[in-house]
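# Remarks on the overall topology
Take a look at the letters that make up each chain.
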Amino acid sequence: MNFKSSFKGYAERVNKKLDGYLTAQGSLIEPMRYSVLSGGKRFRPVLTYAVANAFSTDFNRVDSSACAVELIHAYSLIHDDLPAMDDDDIRHNQPACHKKFGEAQAILTGDGLQALAFEVLVNDHNLDPETRIKLLQELTRASFEMAEGQSIDLSVVSQAIDIETLKNMHRKKTGALLSCSIQLGALLSSKCGVDDVKILNEFSKDIGLAYQIQDDVLDVLTPQNVLGKKQNSDIDKNKPTYPLLLGLVESQKSFQELYNRAQEKLRDLSVNADELQALVAQLHTREF
C-alpha cells in the first residue's frame, strides 16, 4: 500500500492548522508566519499523526500536539541560525529569519513561537486536563533536552570528542523532539498500552539518532539547492560530526542499521504499524 498520500494529507492538515494559529495581530506575526509557513517537510507532526492513526485516534485530538511540536521545531531553527549559534544565512532555500528581519526580531520571533506552542496545548478543550498536563510535560522535557543538546554542540566546536559524547549530543539536540513527536501521539491514544509506549520510546530513540547521523552525511554530500541550507556548514565551523569521527562509509552504515532496527521494533506493536514502517522507509531514503 502506498502511504505517500496519507503523509501529504497530514502535512497539509498541520499547515492549515498552523495558518489558523498564526493569524493574530502584532509586530511579530510577519516573521512568525515567514519562519513557520514558508517551508519544511513537517516530518515531526506527520510522525505524531501517524502514531495516533495506528491506534485509531480522532485527529481532532491530535491537531494541537502536531502544531505545538512544529512550532517548537520552527523556533529552534530560528535560534540555531543566529550568528551566536550556528551562524547560517539560509533556511529552506530562503534567507534565515535574522537575515530577513534582523537579529533582535529573530530572537523574539523564536521566543514567541515557543510560547505559542504551549498556549496551543493549554487551550485545546478537545482534551481533558490530565491529558493536557501529560502532553505539556513531554513537550517541556523535549524542549529542554533540545536546548541542552545545542549547548553541548556549541561547547565542543574545534574539540576532539569521542563517539559516545557525539551520540549523546545528537540524542538531545535532534532526537529529543523527534521522540516527543512520537510520544505525543502515544499519549493521545487511549488504546496505546504500557508495552506499546515502551516500544515506541525505543523506536523513537533509534530514528532520532539515525536522522541526525544521516543529516551529518547529507551535509557533506548534498548540494545547497537540494539541502535547503549551506553545504558543508558543519565542517566549515569545525564541528564534530559522524563523518569526521567515523568516515562517510561507516556513518552511512550506522544510520542504515538504526533505521532497520527501528523498523524491527515496530513489528512488536499491538496494532498494525504498516504506515509507520512506510514512514521510516521514506525517511531512510529521504523521499519524505
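Okay, so let's go over this structure. (Residues numbered from 1 in each chain as written. Predicted model: local features only at pLDDT ≥ 70, side-chain atom pairs only at ≥ 80, totals over all residues. Heavy atoms only, no water.)

### A word on the overall build of the chain
A count of helices and strands for the chain gives 15 helices and 2 strands. Its C-alpha atoms give the chain a radius of gyration of 18 Å, within 12% of the compact-globule value 19 Å for 288 residues. Referenced to the eigenvectors of the C-alpha coordinate spread, the extents of the chain come out at roughly 45 × 45 × 30 Å. Once local pairs closer than 6 in sequence are excluded, the contacts in the chain between residues at least 24 apart make up 73%. Summed over all atoms, the accessible surface of the chain reaches about 12900 Å², with 50% contributed by carbon and sulfur. Each charge sign in the chain was given a centre, from 32 positive and 40 negative side chains, and these centres are 3 Å apart. (Helix = DSSP H or I, 4+ residues; strand = E, 2+ residues; numbered from the N terminus. Rg over C-alpha atoms; globule rule 2.2 N^0.38 Å. Contact = heavy atoms within 4.5 Å. Areas by Shrake-Rupley, 256 points an atom, 1.4 Å probe, with all protein chains shown as cover. Lys, Arg positive; Asp, Glu negative; His and termini not counted. Charge placed at Lys NZ, Arg CZ, Asp CG, Glu CD.)

### Here we look at the packing of helix α4 (residues 63-80) against helix α7 (residues 129-155)
Geometry of a packed helix pair, given as the angle between the helix axes and the separation of the axes. At a minimum axis distance of 11 Å, the contact between α4 and α7 shows a crossing angle of 15°. When the axes of α4 and α7 are compared, the pair comes out roughly parallel. Both α4 and α7 take part in a crossing whose hand is right-handed. Residues S65, A68, V69, I72, Y75, S76 and D80 of α4 pack against L135, L139, S143, M146 and Q150 of α7. Residues of the contact of α4 with α7, tallied by class, amount to 7 nonpolar, 4 polar and 1 charged. (Axes fitted to C-alpha atoms, helices over the stretch in contact; angles between N-to-C directions. Parallel < 35°, antiparallel > 145°, perpendicular 65-115°, else oblique. Left-handed = near helix turned anticlockwise from the far one by under 90°. Nonpolar A, V, L, I, M, F, W, Y, C, P; charged D, E, K, R; others polar.)

### Section: the packing of aromatic side chains
Aromatic rings considered in pairs are described by the distance between their centres and by the relative angle of their planes. A complete count under the given rule lists 7 aromatic pairs for this structure. Members of the aromatic cluster, connected to one another through ring pairs, are Y10, Y49 and F59. (Phe/Tyr/Trp six-rings, centres within 6.5 Å; stacked < 30°, edge-to-face > 60°.)

### A few points about the environment of V271
Structurally, V271 is set in the loop between α14 (248-266) and α15 (274-285). Among the residues examined, V271 registers a relative accessible area of 24% and is labelled partly exposed. Measuring from C-alpha to C-alpha, the distance between V271 and S56 comes to 9.5 Å, with 215 residues separating the pair along the chain. With near-sequence residues (within four places) excluded, V271 lies in contact with A54 and F55. (Buried < 20%, exposed > 50% of the residue type's maximum accessible area, 1.4 Å probe, protein only.)

### Section: the packing of helix α2 (residues 29-37) against helix α6 (residues 103-122)
Across the interface, α2 lies against α6 with an axial gap of 9 Å and an inter-helix angle of 75°. If you check the angle between α2 and α6, you find them roughly perpendicular. Each of P31, M32, S35 and V36 in α2 lies in contact with α6, whose residues at this interface are T109, G112, L113 and L116.

### Some words on the environment of G193
Structurally, G193 is set in the loop between α9 (175-187) and α10 (194-221). A sequence separation of 85 residues divides G193 from L108, and the C-alpha atoms of the two residues are 40 Å apart.

### Some thoughts on the nonpolar core
Core analysis: the largest hydrophobic core is formed by 80 residues, its most contacted members being L113 and L200. Apart from the residues within four sequence positions on either side, L200 is in contact with V51, F55, I182, Q183, A186, C192, L266 and L269. (Core = buried A, V, L, I, M, F, W, Y, C linked by side-chain atoms within 4.5 Å.)

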